[in-house]
Amino acid sequence: AFRARTGATTTADPDAGHGGAAYARSVPSVNPMPKSFLPDAGLVFDMLLKRDKFVPHPGGLSSLFFAFADLVIHSCFNTRPTDYTINDSSSYLDLSPLYGSSQKQVDSIRVKDGFGKIYNDTFADARLLMMPPSVCSLLIIFGRNHNYVAQKIYEINENGTYRDPKTQSDAEKAAQDEEIFQRSRLVNSGYFMKVILGDYVGAILGLVRDGSAWRLDPLATMRELDHEFAPQGEGNVCSVEFNLMYRWHASTSQPDEHWTQAAFKRIFGDKDPGTITVEDFKNGAKGYLRPTGAPNTWSIFADATRDANGRYSDAVLAKYLQDATASPASAFKARGTPEVLRVIEMMGIEQARSWGTCSLNEFRKFMGLKPYSTFREWNPDPEIAKAAEVLYHDIENLELHVGLQAEEAKKPMPGAGLCPGYTISRAILADAVCLTRGDRFLTVDFTPFNLTSWGYQDCQPNKNDGSFGGFLTKLLFRHLPEYYPAGSAWAHFPFMVPETMKKDIAKGMVNDYTWTRPVPKRLTVVSQKPIVELVLDSRAHFEPAADLRVLQLTKSVRPARDAVRPYLACLLYVLLKEDRVKKAADFFYATAKELIQERSLGHAKSRVRSIDVVRDVINLVPMQWIADQVAGISLKTPQNPRGVFTPWELYKKYSNVADFVYVNESPVNVFTLQQQGQKTAEEFADVVQENLKQTGSIFSVSPIYALTHFFTASNDTSRDFLSALLSAGRGQSPAELAAGVFAEVVATAALWSKAVASIVDGCITGDRRDRLAKLARENPPDADAQMLVIIREVICACSIRLPAPRATLTMVRKLAECSGPPAGDEGAAPRQVEARAQRPESPRRGR
Ligand code: HEM
């Protein structure tokens, strides 16, 4: 169930919309308009379409938006030069500019070595070579994403069927390559689709500009009024009207206009663009549109070359993309198309006539719109209306292509971001629905089964990631990480000119982003031990990134680390001192035991019990410790139903904080993690500050506190810790103390769990498992001491493997040393339990 090379996808009619089929027609024309009666195409261009002056796009759309639009139109239109009735592209958004529309084209970009990849920075459709560099750069990013996805699918090996191609026969290798290639293509086309719905349609409707993450979802399963399912995946055939509607040459930015002039100069020499004929173009463009050599040898950019692996440098791609984000597109308007595109527009007009296309008014009637009765109604600019009247005499004769492109443009307003003429704006959404909803692979076959579970999830947008529903951000972060840092408006809103977007975004959000053009960070990697130690010890020069991130969460409140650090050290010292050891160990032991008893399940007719020890014990013990012994958070448990958070909710919140502060692997999730982390920090600070105030107060408890206390069944068991904190941190405000505790305890809690999970994992791996089982069976007097030996062995291994801060490991070690069962308690339950611990990779694992 994969996409056929020609794009035919539907199960109902396998041929519908395949590449190489005829265009459809939506509106039969009954307006008698013989070709001989129509004005000369060049004259139409000069009077109605030729750009008089550049007007920046009123909705703040960048030129990169139209670069993406260019990929969209190349995906579904490729009018055959020798027969205008044929569309050589499929009628689906299947990324055919990248993959090609014929088997020959698809084969030309595939490596076919068993890994399902395509050649580096290579695409199949040579027409793109005639497009500005931002268009090709965007396509290359999608190409890189294909290879990223293929690599992941191979590595995850979901069904366990992939093998190292070196060990395979030729037939096996070919089959494996085909499967990975096709699955990756489905995922990558899914990406393309999500960028279309998220960034592109979002910008068309002005949603990105207006800060809304709501999106039109034409792919959703829905029912008609009669309760029947609205059709999905039943196919689509692009129409000639849609082709004409999409010729947005008026949107060309000034840098793209200059680029096109230079490209035309290379093809046509000094010939005035105003005099290039259709014949000239067909002859001259051949070299561009039919390059010799394999696609991976094409020279895509005039001023950049490939490296030995066939890749262009990230710097080159980022420059083209960011130049395009910085350049305002042109407003849609009559007399808006650069003169250099005159011959292209003339070809469009001729093609439309050869198709016998309907008039603008016939099209409007088809769309349910009122037909125009005068030229002035169509475009109130008297000069434009008059020019059109001179050319066409009667509004009923106004041709569709020209009528659409020179119609008065819409003004930006809620729901209007693209701002073309009204007829285009109305028709484009209807067509977008057919194009996407008709595609079987974007609807009924868009499943984890076809895309793999990872692939399916990887192309699902996160509406809270700071891009207001946009999705291109993820690709930019992923493939150009040095050039698109976390929090950059250039990554979050690449289709909007940053300067304009900054004015449009809600005031309260401006500071959530950096607005200046990203400057690439040059990383210096040090690996020699003495230098690494020097760097780690020079905190004044190399402030740990984790510290800075904690400050971002606690906003302006500088954590009172200096107050808390010695105190925590002293707390550990106190806790671990003779008489207090028992108390601390009791808490961990009792909590773990309680959780094991509560959460383990018995097997039928057996004494064996099963438990997810990471999710249900290890992750929760520190949460309960923080809630009960440190902060005084009221946990929602069966015994305390009025609590505020369940232990799992708390774990989720605190593991997000740890992910943000310490793991922070990819900028893709940074925005969401930071927002969630700030909320968690605020909640934590509110509780701790209030409890600190009440603990330190010599007066009676405040009425509001008492009321909250009643409703949430507040937790007083942390008073011991909090009063000690108050005296240790004398001189610090409650806000500073709370921020300090957050930094030291909350941010590391999930790492603590991760460390313990790793220890448990190590304890049940290999011969250690047998040694522990023997200890449990025989229970010798020095069982605890022997267990500690095993745990220390594992810790040694963990400290190499884990990215946990040193303090956490120290704490783990110390608590491991003191958390044996209290004397006199045989603790039978834990020893009967069959523990299933997964090897944790991040603090989130095991939930
Ligand atoms: C500077 C940027 C652009 C250049 C240099 C350019 C150039 C061209 C060329 C050379 C053709 C082929 C003409 C033919 O063989 O019939 C064409 C066709 C077309 N262009 Fe553009 N174009 C640009 C931007 C755009 C944009 C932004 C859009 C709309 C999103 C667009 C929409 C179309 C459409 C729909 C066709 C007809 C395709 C077909 O029927 O095969 N173009 N353009």
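Here is what the cut-offs are and how they apply
- Residues numbered from 1 in each chain as written.
- Predicted model: local features only at pLDDT ≥ 70, side-chain atom pairs only at ≥ 80, totals over all residues.
- Heavy atoms only, no water.
- Helix = DSSP H or I, 4+ residues; strand = E, 2+ residues; numbered from the N terminus.
- Buried < 20%, exposed > 50% of the residue type's maximum accessible area, 1.4 Å probe, protein only.
- Contact = heavy atoms within 4.5 Å.
- Areas by Shrake-Rupley, 256 points an atom, 1.4 Å probe, with all protein chains shown as cover.
- Donors = N, O, S within 2.8 Å, 3.2 Å for Na, K, Ca; no water.
- Expected span 1.5 Å × (residues − 1).
- Bend = angle between axes of the 7 residues up to and from the residue.
- Near = heavy atom within 4 Å.
- Polar contact = N/O pair within 3.5 Å; in protein donor to acceptor, adjacent residues only side chain to side chain.
- Nonpolar A, V, L, I, M, F, W, Y, C, P; charged D, E, K, R; others polar.
- pLDDT = per-residue confidence, 0-100.
- Axes fitted to C-alpha atoms, helices over the stretch in contact; angles between N-to-C directions.
- Parallel < 35°, antiparallel > 145°, perpendicular 65-115°, else oblique.
- Core = buried A, V, L, I, M, F, W, Y, C linked by side-chain atoms within 4.5 Å.
- Phe/Tyr/Trp six-rings, centres within 6.5 Å; stacked < 30°, edge-to-face > 60°.
- Lys NZ or Arg CZ within 6 Å of the ring centre and 35° of its normal.
- Pairing = 2+ DSSP bridges.
- Salt bridge = Lys/Arg side-chain N within 4 Å of Asp/Glu carboxyl O.

## Quick notes on the overall build of the protein
Within the protein, the regular secondary structure consists of 37 helices and 6 strands. A burial count over the protein gives 54% of its 847 residues as buried. The contacts in the protein between residues at least 6 apart in sequence include a share of 76% that link residues at least 24 apart. Carbon and sulfur atoms make up 55% of the accessible area of the protein, which amounts to about 38,100 Å² in all.

## As for the coordination of the iron atom of the ligand
Angles between donor atoms at a metal ideally measure 109.5 degrees for a four-coordinate tetrahedral arrangement and either 90 or 180 degrees for a six-coordinate octahedral one. No other protein atom reaches the iron atom of the ligand as a donor apart from H249 (NE2), found 2.1 Å away. Within the secondary structure, H249 sits in the loop between helix 7 (240-245) and helix 8 (254-268).

## Here's the deal with the environment of P97
Within the secondary structure, P97 is located in helix 3 (residues 96-99). Here the alpha-carbon distance between P97 and A126, two residues 29 residues apart in the chain, equals 8.2 Å. Contacts of P97, omitting those with residues within four sequence positions, involve L71, H74, S75, F123, A124, D125, L128 and L139.

## Focus: helix 6 (residues 170-204)
Since the α-helix packs 3.6 residues into each turn, any two residues three or four apart lie on the same face. For helix 6, with 35 residues, the first-to-last C-alpha span of 48 Å sits near the 51 Å given by 1.5 Å per residue. Along its length, helix 6 reaches its greatest deviation from straightness, about 30°, at I196.

## Thoughts on the site of the ligand
Around the ligand, the surrounding shell holds 24 residues, and the nearest of these are T79, N243, H249, M347 and Q351. Separating an oxygen atom of the ligand from a side-chain N or O atom of T79 is a distance of 2.4 Å. The set of elements that each furnish at least two residues to the shell around the ligand consists of helix 2 (63-76) and helix 12 (342-354). Element by element, the count of residues in the shell around the ligand is highest for helix 2, at 4 residues. Taken together, the residues that form the shell around the ligand break down as 14 nonpolar, 7 polar and 3 charged.

## Considerations on the confidence of the model for the protein
Close inspection of predicted coordinates is inappropriate in any region flagged by low pLDDT. With 87% of its residues at a pLDDT of 70 or more, the protein has an overall mean of 86. Taken together, the stretch residues 800-847 has pLDDT below 50 and engages in 109 contacts with residues farther than four places along the chain or on a different chain.

## Remarks on the packing of helix 28 (residues 621-631) against helix 29 (residues 647-663)
When two helices pack together, their arrangement is given by the angle between their axes and by how far apart the axes lie. Interhelical geometry of helix 28 versus helix 29 gives an angle of 100° and a closest axis separation of 9 Å. Between helix 28 and helix 29, the angle is such that the two are roughly perpendicular. For the pair formed by helix 28 and helix 29, the contact residues are M623, Q624, I626 and A627 on the first element and P647, L650, Y651 and Y654 on the second. Looking at the contact of helix 28 with helix 29, its residues break down into 7 nonpolar, 1 polar and no charged.

## Things to note about the nonpolar core
Core analysis: the largest hydrophobic core is formed by 157 residues, its most contacted members being F68, Y200, W248 and W378. Looking at this core, the element that brings in the most residues is helix 6, giving 14 residues. Other than its neighbours up to four places away in sequence, W378 contacts L48, L360, Y372, I384, A388, I395, L398, V402, G403, A406, E407 and E408. Counting residues in each nonpolar core, the second largest holds 54 residues, with A546, V621, V630 and L725 among its members.

## Notes on the packing of aromatic side chains
Tallying each qualifying case throughout the model produces 40 aromatic pairs. Between Y246 and W248 the ring centres are 4.6 Å apart and the planes differ by 40°, which places this aromatic pair in the tilted class. Classification of Y246 by relative accessible area gives buried; the value is 8%. With a relative accessible area of 6%, W248 lands in the buried category. Aromatic side chains Y513 and W515 sit 5.8 Å apart centroid to centroid with 65° between the ring planes, which places their arrangement in the edge-to-face category. Residue W515 is classed as buried on the basis of its relative accessible area, which comes to 12%. Grouped by ring-pair contacts, the aromatic residues F65, F66, F68, F77, F142, F192, Y200, F242, Y246, W248, F332 and F495 constitute a single cluster. We note R223 situated over the ring of F229; from NZ or CZ to the ring centre the distance is 4.2 Å. The aromatic ring of Y372 is capped on one face by R364, whose charged end is 4.0 Å from the ring centroid.

## Some remarks on the pairing of strand 3 (residues 83-87)
Sheet topology note: the strand 1 (residues 21-22)/strand 3 ladder contains 2 bridges and is antiparallel. Looking at strand 3, one finds that A22 is bridged to I86. Pairing of strand 2 (residues 79-80) with strand 3, which is carried by 2 bridges, proceeds in the antiparallel orientation. The partner of T79 across the bridge, within strand 3, is N87. Between strand 2 and strand 3, which follow one another and run antiparallel, lie 2 residues.

## Here's the deal with the sheet that holds strand 3
Across the sheet, 3 strands lie side by side as 1-3-2; this open sheet has antiparallel pairing. Taken across any chain shown, the strands that pair with only one partner, and hence form the sheet edges, are strand 1 and strand 2.

## Notes on the packing of helix 28 against helix 33 (residues 734-763)
Close contact between helix 28 and helix 33 brings their axes to 9 Å; oriented N to C, the two are set at 155°. What the angle tells us is that helix 28 and helix 33 run roughly antiparallel. Within the contact between the two elements, helix 28 uses P622, M623, W625, I626 and V630 and helix 33 uses V741, V745, V746, A749, W752 and S753. Its residues placed into classes, the contact of helix 28 with helix 33 shows 10 nonpolar, 1 polar and no charged.

## Side note on the side chain of D177
The topology assignment puts D177 in helix 6. Here D177 falls in the buried class, since its relative accessible area comes to 2%. Of note is the side chain of D177, whose polar atom sits 3.2 Å from the backbone nitrogen of F115. Sequence-distant contacts of D177, defined by excluding residues within four places in its chain, comprise R110, K112, D113, G114, F115, G116 and K117.

## Some thoughts on the environment of Y662
Here Y662 shows up in helix 29. Given a relative accessible area of 23%, Y662 falls into the partly exposed group. Sequence separation of Y662 and V550 is 112 residues, and the distance between their C-alpha atoms is 9.4 Å.

## A word on the pattern of salt bridges
In the structure shown here, the tally under the stated rule is 37 salt bridges. K50 is paired through a salt bridge with E339; the nearest N and O atoms lie 3.8 Å apart. Taken as a pair, K50 in the loop between helix 1 (41-49) and helix 2 and E339 in the loop between helix 11 (314-326) and helix 12 lie far apart in primary sequence, 289 residues in all. Using a relative accessible area of 28% as the deciding quantity, one classes K50 as partly exposed. Looking at E339, the relative accessible area reads 28%, which means it is partly exposed.

## A closer look at unusual backbone geometry
The phi torsion at L95 lies on the positive side, around 55°, for a residue other than glycine. Even without being a glycine, C419 presents a positive backbone phi close to 60°. Positionally, C419 belongs in the loop between helix 16 (400-405) and helix 17 (422-437). A relative accessible area of 3% places C419 in the buried class.

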